[in-house]
Amino acid sequence: MASSVQLRRENSMQESPRSPEARVGMQVEDLWDVQEPQLSPTEKLNACFESIPVSAFPPAPQGIEIKSDASLAEAVQILAQNKILSAPVVDVDAPEDATWIDRYIGIVEFAGIAVWILQQSEPPSPRSPSSPSGADFAVAANGITSAAGLGTLSPEDAAITSGNFFEALTSSEFYKKTKVRDISGSFRWAPFLALQKSNSFLTMLLLLSKYKMKSVPVLDLGDGKINNIITQSAVIHMLAECTGLHWFESWGTKKLSEIGLPSMSLKQIITVHEDEPVLQAFKLMRKMRIGGIPVVERGGKKAVGNISLRDIQFLLTAPEIYHDYRYITAKNFLIAVKKYLEKHDKRSPMLSGMITCKRDKTIKELIQTLDLEKIHRVYVVDDEGNLEGVITLRDIISRLVHEPRGYFGDFFDGVLPLPENSRV
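Positions within a chain are numbered from 1, following the residues in the order the chain's sequence is written. Selection of residues for local features in this predicted model requires a pLDDT of at least 70, selection of side-chain atom pairs for listing and counting requires 80 or more, and totals for whole chains, interfaces and linings are taken over all residues. Side-chain metrics in this entry use all non-hydrogen atoms of the structure; hydrogen atoms and water are not considered.

The protein carries the name SNF1-related protein kinase regulatory subunit gamma-1 in an unreviewed UniProt entry, which gives Theobroma cacao as its organism.

Listed below in structure tokens is the structure:
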């Protein structure tokens, strides 16, 4: 028995890439082989991941941090240059011997910066006092109306937010002087919830799936600093590297329909029509707290593209892409971004467009597609190409493990409270 297990392991190692992620997969393989036979496959996986410390997860290539006194413009530049969508914020006023809770004030994202700025461009409510900075910005941005905020957007509103609006926004003193710490508690400002290196893979996987965290920092309590940041995408990459391993194949060869995917039906999917303003898409994502939205034909069920929260970076880093469009509709936004990337970043995953699949695809095939294309969601379509559902990275991770009763206990009691007025 032992010799056959060892032989299978050697064969699997030859078939699987010899990467750090594949070596983690081999740890799961070893644990899988010794689990009690009466356990179900899901229970086996839970037990395996509970036995592996999160410190075994390969470190992320970049450890970028943003200081709390950095301006929004500086933060955007740091994120763009490093091709990342978010970074932890270090409190510059914290003492050198501060604990991790006092050292970090949260995680800032491209989307949080962009949406917060657009909110500030709204006229102040007559019932509430306006902040001087907000008033100054409204003037700097040529008196932008509520088209930039939460109201219903018409094609006329879209015209207001073209060309000059974004150039005025990114060149304004408001944008250059407002500090990252000033937007603490705004949209998509993530409270700082971190894991210790001794916490398990199971805890990490549950936080990224059931508890909807996009990324999980891993702390070294010795120096109170972040040792690693594990993202949903990194977990999917790890799974893709486990191809050929027995535990992965037994799970990954199942069809999507067999494991309950897509979990969201067509009626539950939030969409935006191709002729609606692109800001309507971002508004809907903000309101519904979702990371992406399909662009569909007017009067039809076919999706023509996908807009995600990471696309909002183009509102801040490439305002010139809108000069050729009177109305920034969702369709024109997709066209403009594609042209811009073809000229400036031909390796961008956004150039691949909208990725679709059928219900008879296996979970393994889907994972390989998501990892290869570096995307966060795939849309499920029927034989005619009509939209039927959507599957996200979180959906996949949630099918890998389940939360045992009472698993977290008082785990969340010591978590840094949400900033005042937080809307996360």
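1. Quick look at the environment of Asn 227
Put simply, DSSP marks the helices as runs of H or I at least four residues long and the strands as runs of E at least two long, and each gets a number from the N terminus on. Mapped onto the elements of the fold, Asn 227 is located in strand 6 (residues 225–231). In the structure, Asn 227 is positioned 30 residues away from Lys 197 in sequence and 8.3 Å away in space, judged by C-alpha atoms. Not counting the four nearest positions on each side in its chain, Asn 227 is found in contact with Lys 197, Val 218, Leu 219 and Asp 220. The contact criterion used is simple: two residues touch if any of their non-hydrogen atoms lie within 4.5 Å.

2. So, the sheet that holds strand 10 (residues 303–308)
Each pair of strands is called paired provided DSSP finds at least two bridges between the two strands. Pairing is mixed in the open sheet, where three strands are placed in the order 8-9-10. The open sheet terminates on both sides in strands that have one partner only, identified here as strand 8 (272–273) and strand 10. Its contacts with the sheet place helix 14 (residues 278–288) against strand 8, strand 9 (292–296) and strand 10, and it is angled at close to 60° to strand 10. Note on geometry: axes are C-alpha line fits, over the in-contact stretch for helices, and angles between N-to-C directions span 0 to 180 degrees. Those strands touched by helix 16 (residues 330–344) are strand 8, strand 9 and strand 10, and its axis lies near 75° from that of strand 10.

3. Things to note about the packing of helix 2 (residues 20–33) against helix 3 (residues 41–50)
With their axes 9 Å apart at the nearest point, helix 2 and helix 3 run at an angle of 125° to one another. The angle between helix 2 and helix 3 places the two elements in the oblique class. In the packing of helix 2 onto helix 3, the handedness of the crossing is right-handed. Each of Val 28, Leu 31 and Trp 32 in helix 2 lies in contact with helix 3, whose residues at this interface are Pro 41, Lys 44, Leu 45, Cys 48 and Phe 49. Nonpolar residues are Ala, Val, Leu, Ile, Met, Phe, Trp, Tyr, Cys and Pro. Charged residues are Asp, Glu, Lys and Arg, and all others, Gly as well, are polar. Of the residues assigned to the contact of helix 2 with helix 3, the class counts are seven nonpolar, no polar and one charged. In these notes the angle categories are as follows: under 35 degrees is roughly parallel, over 145 is roughly antiparallel, 65 to 115 is roughly perpendicular, and the rest is oblique. Handedness of a crossing follows from how the near helix is turned relative to the far one, being left-handed for an anticlockwise turn of less than a right angle and right-handed for a clockwise one.

4. Points about the sheet that holds strand 13 (residues 387–392)
Reading across from one edge, 7-13-12-11 is the order of the four strands in this open sheet, with mixed pairing throughout. Looking at which strands have only one partner, the edges of the open sheet turn out to be strand 7 (264–265) and strand 11 (356–357). Relative to strand 13, strand 7 runs antiparallel, the two being bridged by two bridges. Bridged to Ser 265 within strand 13 is Gly 389.

5. Focus on helix 2
Every α-helix carries 3.6 residues per turn, so stepping three or four residues along brings you back to the same face. In this model, helix 2 (14 residues) spans 20 Å end to end at C-alpha, consistent with the 20 Å of a helix rising 1.5 Å per residue. Among the residues of helix 2, Glu 21, Ala 22, Val 24, Gly 25, Met 26, Val 28, Glu 29 and Trp 32 are the ones counted as buried. The length a helix should cover is 1.5 Å for every residue beyond the first. Burial status follows relative accessibility: with a 1.4 Å probe on protein chains alone, a residue under 20% of its type maximum counts as buried, one over 50% as exposed, and anything between as partly exposed.

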